[in-house]
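Examining the three-dimensional arrangement
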Amino acid sequence: SQQGEEDPQALSIQEGENATMNCSYKTSINNLQWYRQNSGRGLVHLILIRSNEREKHSGRLRVTLDTSKKSSSLLITASRAADTASYFCATSTDSWGKLQFGAGTQVVVTP
Amino acid sequence: EPEVTQTPSHQVTQMGQEVILRCVPISNHLYFYWYRQILGQKVEFLVSFYNNEISEKSEIFDDQFSVERPDGSNFTLKIRSTKLEDSAMYFCASSEAIQGMKAFFGQGTRLTVV
C-alpha cells in the first residue's frame with residue numbers, strides 16, 4: 001500500500017513567497033519526516049515530527065501533523081532560489097525504522 | 001555534522017555482473033538501511049540491518065541481494081547478477097536509534113546496468 005503521498009506534485013513560486021506542500025498517509029505512524037533532494041543528489045533530513053506532536057518549527061520550516069486526518073504539511077516561508085529541490089515526506093510505522101516515502105513535490109523558486 | 005559516505009558515486013556494470021556498493025555509516029549509529037530510487041520514481045526501502053543481521057526486508061530484496069557489515073565500519077550491498085531494471089540510485093542510511101531519531105542518508109551510488 002502506498003504510504004505518504006505529496007500534494008502538489010509540482011510547485012513554482014517566486015523568491016520571497018511561501019511554499020506549502022501536503023502529505024497524506026494511510027496507516028498509524030510513529031513519526032513523519034521531511035527530506036529535501038536536490039537534483040540527482042542525496043536526501044537531506046529537514047525535520048521530524050512525532051505522532052504525539054502537532055507542530056514543529058525549524059528556521060524557515062514549519063511542519064504540522066494531523067493524525068486524525070492522517071496528513072502533514074510542510075511550509076517554507078520566505079523562499080529562496082536555493083530552496084529549489086524535491087521535497088519528500090516519509091513515514092515510520094514499524095519497529096525497525098523503515099521509512100516509506102511519498103512521490104515528492106518538486107519545488108522551483110525563481111529569483 | 002557527521003555524514004554517511006557512499007562509494008562509488010557512480011558505477012556502470014554489464015548485465016549479469018556482480019556489484020558491491022559500499023557505505024560507511026555514522027560511527028555511533030546502530031541501525032542501517034539501504035534504499036533505492038529508480039529515476040523519476042519514489043525512494044523505496046530495500047532492507048534494514050541491526051545487530052549484524054537483517055531486521056526487515058522488502059519484496060524487492062530478493063535472493064540476488066545481500067548485505068554485510070564486514071568490519072564494524074563498512075556496510076555493503078551486493079547485487080549478485082545485475083539486471084537492467086536494477087539501474088537506480090542506491091542510498092545507504094543510518095540512525096542512532098529507531099524511535100524518534102532521524103535517518104541520515106548518504107549521497108547515493110548511481111548504478112547503471114548496461
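Residues numbered from 1 in each chain as written. Chains lettered and ligands numbered in written order. Predicted model: local features only at pLDDT ≥ 70, side-chain atom pairs only at ≥ 80, totals over all residues. Heavy atoms only, no water.

Moving on to the overall build of chain A. The helix and strand tally for chain A stands at zero helices and 11 strands. Ordered by position in the sequence, the α and β elements of chain A form the string β-β-β-β-β-β-β-β-β-β-β. Rg of the C-alpha trace for chain A: 13 Å, near the compact-globule value of 13 Å for 111 residues, within the 12% margin. Along the first, second and third principal axes, the C-alpha atoms of chain A reach 40 × 30 × 20 Å. Within the span of chain A, comprising 111 residues, buried residues form 46% of the whole. In chain A, the proportion of contacts linking residues at least 24 apart, taken out of those at least 6 apart, comes to 53%. A total accessible area of about 5,200 Å² is found for chain A, and carbon and sulfur atoms account for 44% of it. When the 12 basic and 10 acidic side-chain charges of chain A are each reduced to a single mean position, those positions are 5 Å apart. (Helix = DSSP H or I, 4+ residues; strand = E, 2+ residues; numbered from the N terminus. Rg over C-alpha atoms; globule rule 2.2 N^0.38 Å. Buried < 20%, exposed > 50% of the residue type's maximum accessible area, 1.4 Å probe, protein only. Contact = heavy atoms within 4.5 Å. Areas by Shrake-Rupley, 256 points an atom, 1.4 Å probe, with all protein chains shown as cover. Lys, Arg positive; Asp, Glu negative; His and termini not counted. Charge placed at Lys NZ, Arg CZ, Asp CG, Glu CD.)

A few words now on the side chain of K98 of chain A. Within the secondary structure layout, K98 of chain A lies in the loop between β9 (85-92) and β10 (99-101). For K98 of chain A, a relative accessible area of 17% corresponds to the buried category. Polar side-chain contacts of K98 of chain A include one of 3.1 Å to the side chain of E56 of chain B. Beyond its immediate stretch of four places on either side in the chain, K98 of chain A contacts T91, S92 and T93 of chain A together with Y33, Y35, F45 and E56 of chain B. (Polar contact = N/O pair within 3.5 Å; in protein donor to acceptor, adjacent residues only side chain to side chain.)

Of the pockets and cavities examined, the largest pocket occupies roughly 530 Å³. Taken together, 26 residues form the lining of the largest pocket, with Q37, S86 and F88 of chain A together with Q37 and G40 of chain B sitting closest to its centre. When residues of the lining of the largest pocket are traced back to their parent elements, those giving at least two are β1 (5-7), β9 and β11 (105-110) of chain A together with β9 (88-95) of chain B. (1 Å grid on protein atoms, 1.4 Å probe; cavity = no way out; pocket = protein on both sides within 12 Å on 5 of 7 lines; lining within 4 Å. Points joined across faces, edges and corners; volume = space filled by probe spheres on them.)

So, about the state of the cysteines. Cysteine pairs can be covalently joined through their sulfur atoms, and such a bond is termed a disulfide. Inspection of every chain in the model, using the stated rule, returns two disulfides over all chains. Note on cysteine connectivity: C23 of chain A is disulfide-linked to C89 of chain A, with sulfurs 2.0 Å apart. Every disulfide takes its handedness from the sign of the S-S torsion; for C23 of chain A and C89 of chain A that torsion is 65°, giving right-handed. You can see C23 of chain A sitting in strand β3 (residues 19-24) and its partner C89 of chain A sitting in strand β9, a full 66 residues away along the chain. Both residues of the pair, C23 of chain A and C89 of chain A, count as buried. Across a sulfur-sulfur distance of 1.9 Å, C23 of chain B and C92 of chain B are joined as a disulfide pair. Between C23 of chain B and C92 of chain B the sulfur-sulfur dihedral comes to about -60°; the bridge is accordingly left-handed. Residue C23 of chain B is located in strand β3 (residues 19-24), and its partner C92 of chain B is located in strand β9; the two are separated by 69 residues in the primary sequence. (Disulfide = S-S within 2.5 Å.)

The subject of this paragraph is the pairing of strand β7 (residues 61-66) of chain A. All names here are of chain A. In this sheet, β7 lies alongside strand β6 (residues 55-58) in antiparallel orientation, the contact comprising four bridges. In the strand pairing of β7, K56 is matched with V63. Counted between consecutive antiparallel strands, the loop separating β6 from β7 contains two residues, among which G59 sits at a positive phi close to 60°. Strand direction decides the pairing type here: β7 and strand β8 (residues 71-76), joined by six bridges, are antiparallel. Residue T64 lies in a different strand from β8, and its bridge partner there is S73. From the end of β7 to the start of β8, which pair antiparallel, there are four residues, and K70 there has a positive phi angle of about 50°. (Pairing = 2+ DSSP bridges.)

A word on the interface of chain A and chain B. Often the size quoted for an interface is simply the accessible area lost on bringing the parts together. Residue-level contacts link 25 residues of chain A with 23 residues of chain B. The contact between chain A and chain B buries some 2,000 Å² in all, and 53% of this surface belongs to carbon and sulfur atoms. For the chain A face of the interface with chain B, the top three residues by lost area are L43, W96 and F101 of chain A, together amounting to 32%. Linking chain A to chain B there are two salt bridges. At the junction of chain A with chain B, the criterion picks out eight residue pairs in polar contact (both at pLDDT 80 or more). Listed by contribution, the elements that provide at least two residues to the side of chain A that touches chain B are β4 (31-37), β5 (43-50) and β10 of chain A. Class assignment of the residues belonging to the side of chain A that touches chain B gives a composition of eight nonpolar, 12 polar and five charged. (Buried area = accessible area lost by both parts, 1.4 Å probe. Salt bridge = Lys/Arg side-chain N within 4 Å of Asp/Glu carboxyl O. Nonpolar A, V, L, I, M, F, W, Y, C, P; charged D, E, K, R; others polar.)

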